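# Overview (structure and organization)
Single-letter residue listing:
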Amino acid sequence: MEIDCQPEESIVSSFDEDCVVLGDVKDMRLEAEAVVNDVLFAVSEMHVSQSLNSASDVAYINVETREGNRYCLELTEAGLRVVGYAFDQVNEDLSTQYHETVYSLLDTLSPGYREAFGNALLQRLERLKQNGQ
């Protein structure tokens, strides 16, 4: 996954891409934790899989959308993709599209995510507007 940030910019914040780097190599386990923390507010449940083996180059994330659909996501340098339709399930025969960001992936899977994300963005803009007056 391409992320436009320098290693010294590894600060986790909402609505920004996260960059988690160990030396010159991204650790996907840490990247997965950052992904979960960034969008947890907009899904019913989301956590890094403890059952599937993660490594520096791959991590698995379980997510339940606001609609109640469960997915197992794979996170690699190529991006995020659905690899199963239940927690901790990897279907090797499944060929799904990679998404560059978790936002893009969840936007395609969950209208409830899209609504929650939009509402959070509107609230943030309202706060900025109030602080600017």
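The structure we're discussing is the one just above.
Just so it is clear, the model here is predicted, and its values are computed rather than measured. (Residues numbered from 1 in each chain as written. Predicted model: local features only at pLDDT ≥ 70, side-chain atom pairs only at ≥ 80, totals over all residues. Heavy atoms only, no water.)

### Some points on the pattern of salt bridges
Worth spelling out the cut-off: Each salt bridge in this description consists of a side-chain nitrogen of Lys or Arg and a carboxyl oxygen of Asp or Glu lying within 4 Å of one another. Only protein chains enter the calculation, and the probe is 1.4 Å; a residue is then buried if its accessible area is under 20% of its type maximum, exposed if over 50%, and partly exposed in between.
Following the criterion strictly, the structure yields five salt bridges and no others. As a salt-bridge pair, aspartate 27 and arginine 29 come within 3.1 Å of each other at their nearest N and O atoms. A residue is classified by how much of its surface remains accessible, and aspartate 27, at 7% relative accessible area, is buried. Here arginine 70 and glutamate 64 are joined by a salt bridge, their closest N and O atoms 3.0 Å apart. Because the salt bridges share partners, they merge into one network encompassing Glu45, Glu64 and Arg70.

### A look at the environment of glycine 112
Formally: To qualify as a helix, a DSSP run of H or I must reach at least 4 residues; to qualify as a strand, a run of E must reach at least 2; elements of each kind are numbered from the N terminus. Residue contacts follow a heavy-atom distance rule, with two residues in contact if any of their heavy atoms lie within 4.5 Å.
Positionally, glycine 112 belongs in helix 3 (residues 111-132). Looking at glycine 112, the relative accessible area reads 13%, which means it is buried. Residues glycine 112 and alanine 42, spaced 70 residues apart in sequence, show a C-alpha to C-alpha distance of 7.6 Å. For glycine 112, the contacting residues outside a window of four places in its chain are Ala42, Arg66 and Glu67.

### Observations regarding the sheet that holds strand 6 (residues 79-84)
Threshold: One bridge is not enough; two strands pair if DSSP finds at least two bridges between them. For helices, the axis comes from a line fit to the C-alpha atoms of the stretch in contact; other axes are also lines fit to C-alpha atoms, and the angle between any two N-to-C directions lies between 0 and 180 degrees.
Ordered in space as 3-4-5-6, the four strands form an open sheet in which the pairing is antiparallel. Of all strands in the sheet, those with a lone pairing partner are strand 3 (45-48) and strand 6, marking the two edges. On average, each strand axis in the sheet is inclined to that of its neighbour by 25°, with strand direction left out of account. Contacting strand 3, strand 4 (59-64), strand 5 (70-76) and strand 6, helix 2 (residues 102-109) crosses the sheet at an angle of about 40° to strand 6.

### As for the nonpolar core
Among soluble globular proteins, nonpolar side chains are generally buried collectively. Short version of the rule: In this description, a nonpolar core means a group of buried Ala, Val, Leu, Ile, Met, Phe, Trp, Tyr and Cys residues linked to one another through side-chain atoms lying within 4.5 Å.
Grouped together as the largest cluster of nonpolar side chains are 25 residues, with contacts concentrated most on Met46, Ile61, Leu73 and Val102. Of all the secondary structure elements, the ones that give two or more residues to this core are helix 1 (28-39), strand 3, strand 4, strand 5, strand 6, helix 2 and helix 3. Contact partners of methionine 46, with chain neighbours within four places excluded, come to Val35, Val36, Val39, Leu40, Ile61, Asn62, Val63, Leu73 and Val102. Membership of the second largest hydrophobic core comes to five residues, among which are Leu52, Val58, Tyr60 and Cys72.

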